[in-house]
Structure formats: C-alpha cells, structure tokens
Amino acid sequence: MKPSPFIAVEGAIGAGKTTLATMLAKRFDFPLLKEIVEENPFLDKFYQNSGDWSFQLEMFFLCNRYKQLEDTALKFVSRREPVVSDYHIYKNLIFAQRTLKGAQLDKYRKIYHLLTDDLPKPNFIVFIQADLATLQQRIAKRGRSFEQDIDPGYLEQLIEDYETAMAHIKANEPETVVITVDGNAMDFVEHPDHFEQIVAEIKERM
Ligand SMILES: Nc1ncnc2c1ncn2[C@@H]1O[C@H](COP(=O)(O)OP(=O)(O)O)[C@@H](O)[C@H]1O
Ligand SMILES: Nc1nc2c(ncn2[C@H]2C[C@H](O)[C@@H](COP(=O)(O)O)O2)c(=O)[nH]1
C-alpha cells in the first residue's frame, strides 16, 4: 500500500510556500500545518543583530517545529492521513548552517538530530525555486516591517543553500518525491492554469 501523502512546500524566504501550501491543502482537502511567524519573539531582534540572536532564534524555530511535527505524527501520519505543511524540518539545518558557527553549530546539530531523527519526514517536497528579484518583490509585497531590510547577500546565500539541500535530499532520500516549481515563471496566484499544472504533477506522483 502506498503511504499517505505528507507534502512539504519549501523554498527560500518569500518564495510563496505558505501561499502554495494553503492552496494545495484547500484543493486536496488535506489539513494544513503552518509555520508560526508573527508570534516569534526573536525574529525582529535577529534581523537587527544576527550575531547576538541567531542561537536563540534557531532553537526557537527548532523546538516549535519539533512540537508541531510530533503532534502531526500522532494526529495524521500514524493514522495514515494526508497532510500539507509549509515547511520541511530540514530547513532548520539550512538556516542554522548559515547563521551559526563553531561550538554553537556543533551543539545545534546534535540537538537537531536528537529531536528530529525519529520524526516522520515528508514523502513529497514541492520546491519553489525563485531568484533574488522575485524573493525581494514578494518580501516587499508581504510587508512585514522587520523583513524589509534583509541583506540581499543573505537571500542569495539561502537560494544557493536551498539548491544544495534539495540536491542532498534527492541523492540521499530516493523515496522522497521532489517536485521543482519555477517560482519566477509560474504564478500560481494569478494564473489558475499554473496552479493546476502543479496539482496535476503531484497527482501523477501520488
Ligand atoms: N506566485 C506568486 N505570485 C505573486 N505573488 C505571490 C506568489 N506567491 C506568493 N506571493 C505573495 O508573496 C508574498 C510572500 O508569499 P508567502 O507565501 O508568504 O512566502 P513564503 O511562505 O515562502 O515566505 C505574499 O504576499 C504572497 O501573497
Ligand atoms: N534564521 C532563521 N530564520 C527563519 C527560519 N525559518 C524561517 N525563518 C525566517 C525567514 C522569514 O523572515 C520568516 C518566515 O519564513 P518564511 O520562509 O515562511 O518566509 O522567518 C529558520 O529556521 N531560521
């Protein structure tokens, strides 16, 4: 029997993850697991001074996602029920490897593996690839004040880090279906046919 779909939508900041995950959950009538952002007490501090706040921020994201995914495992995955999420737990490492160094990164990696190695992992990843200009336009459109001065260099590094991470997942997890969406050309918000193309590709691989 095929496993139930556990679909994670991924991509760099502003790529359109929450938007697409919400649309997919509605379309397939699957529950939606959504990242908590506005209540995060460290995010605006991190954007003002990343050196002082990165460890607290990464640990906060990790603990929140761990708890959400532990609940998801019990409520949905163990009951063979489908779910759509606007993140993959692996994004913690993608960010932490960029924001932490030395002993802090070593400690973080150990805690990451301790908390997440036995969590259920998505069997589908919809990866939205978007370039710097697209990310910047969407971050501006979303209008969160603390994100308006994000260093373009940081976004460019994250774009690269996401490429590396997806290549790693493809090479090491052949059972995970990775569907790459061209987020610059495919406007699933304005063009229903673009959204239907993504839906069709997921259905074909389910
Ligand atoms: N394909 C798209 N075309 C145009 N605008 C988009 C598209 N996807 C998302 N947006 C807009 O861009 C902003 C960021 O999208 P969001 O889904 O929050 O990104 P993410 O979750 O990846 O950070 C939102 O204002 C959203 O309405
Ligand atoms: N340093 C980290 N920042 C993160 C992480 N996950 C999300 N974020 C930031 C990026 C955005 O400013 C905001 C919302 O994320 P979206 O990708 O949904 O735009 O939070 C993380 O693990 N570390």
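Every value quoted in this text rests on a predicted model; they were computed, and no experiment measured them.

Thresholds, definitions, all that
Residues numbered from 1 in each chain as written. Chains lettered and ligands numbered in written order. Predicted model: local features only at pLDDT ≥ 70, side-chain atom pairs only at ≥ 80, totals over all residues. Heavy atoms only, no water. Near = heavy atom within 4 Å. Polar contact = N/O pair within 3.5 Å; in protein donor to acceptor, adjacent residues only side chain to side chain. Areas by Shrake-Rupley, 256 points an atom, 1.4 Å probe, with all protein chains shown as cover. Helix = DSSP H or I, 4+ residues; strand = E, 2+ residues; numbered from the N terminus. UniProt positions renumbered as here; feature names shortened; annotations may be inferred. Axes fitted to C-alpha atoms, helices over the stretch in contact; angles between N-to-C directions. Parallel < 35°, antiparallel > 145°, perpendicular 65-115°, else oblique. Contact = heavy atoms within 4.5 Å. Nonpolar A, V, L, I, M, F, W, Y, C, P; charged D, E, K, R; others polar. Pairing = 2+ DSSP bridges. Phe/Tyr/Trp six-rings, centres within 6.5 Å; stacked < 30°, edge-to-face > 60°. Lys NZ or Arg CZ within 6 Å of the ring centre and 35° of its normal.

### Examining the site of ligand 1
Right, on to step 1. Near ligand 1 you find 13 residues, and of these G16, K17, T18, T19 and R142 are the closest.
Right, on to step 2. Contacts to ligand 1 include K17, whose backbone N or O atom sits 2.8 Å from an oxygen atom.
Right, on to step 3. Note that an oxygen atom of ligand 1 is positioned 2.6 Å from one of the side-chain N or O atoms of R142.
Right, on to step 4. Coverage of ligand 1 by the protein amounts to 87% of the 560 Å² it exposes when considered alone.
Right, on to step 5. Mapped onto the shell around ligand 1, the elements with two or more residues apiece are α1 (17–28) and α6 (132–142).

### Quick look at unusual backbone geometry
Right, on to step 1. One non-glycine residue, D29, adopts positive backbone phi at about 60°.
Right, on to step 2. By secondary structure assignment, the location of D29 is in the loop between α1 and β2 (32–33).

### A few points about the UniProt feature "domain: Deoxynucleoside kinase" (unreviewed entry) in the protein
Right, on to step 1. Here, the residues flagged by UniProt with the feature "domain: Deoxynucleoside kinase" (unreviewed entry) are residues 7–204.
Right, on to step 2. For residues 7–204, the end-to-end C-alpha separation is 14 Å, with 57% helix and 11% strand making up the annotated structure.

### A look at the packing of helix α3 (residues 50–75) against helix α5 (residues 102–116)
Right, on to step 1. Contact pair α3 / α5: the axes reach a minimum separation of 11 Å and the direction vectors enclose 5°. Classified by the angle between their axes, α3 and α5 sit roughly parallel to one another. Across the interface between the two elements, F55, E58, M59, L62 and Y66 from α3 touch Q104, Y108, I111, Y112, L115 and T116 from α5.
Right, on to step 2. In terms of residue class, the contact of α3 with α5 is made up of eight nonpolar, two polar and one charged.

### Side note on the sheet that holds strand β3 (residues 83–85)
Right, on to step 1. Taken together, the five strands give an open sheet; going across it, the order is β2-β3-β1-β4-β5, and neighbouring strands pair in parallel fashion. Sheet topology places β2 and β5 (177–182) at the edges, where each strand pairs with a single neighbour.
Right, on to step 2. As defined by bridge partners, strand β1 (residues 6–10) adjoins strand β4 (residues 124–129) across four bridges and the pair is classed as parallel. Considered in β4, the bridge of I7 is made with F124.

### Considering the packing of aromatic side chains
Right, on to step 1. Using the criterion set out here, one finds seven aromatic pairs in the structure.
Right, on to step 2. With a centroid separation of 5.8 Å and an interplanar angle of 75°, the aromatic rings of F42 and F60 are classed as edge-to-face. On the criterion of sequence distance, the pair formed by F42 in the loop between β2 and α2 (43–48) and F60 in helix α3 is long-range, its members being 18 residues apart.
Right, on to step 3. Here the aromatic rings of F46 and Y47 are separated by 5.2 Å at their centres, their planes lie at 65°, and the arrangement is edge-to-face.
Right, on to step 4. Within the aromatic cluster, the residues linked to one another by ring pairs are F46, Y47, F146 and Y154.
Right, on to step 5. The ring centre of W53 lies 5.4 Å from the NZ or CZ of K45, which sits over that ring.
Right, on to step 6. Seen from the ring of Y87, R65 lies directly overhead, with NZ or CZ sitting 5.3 Å from the centre.

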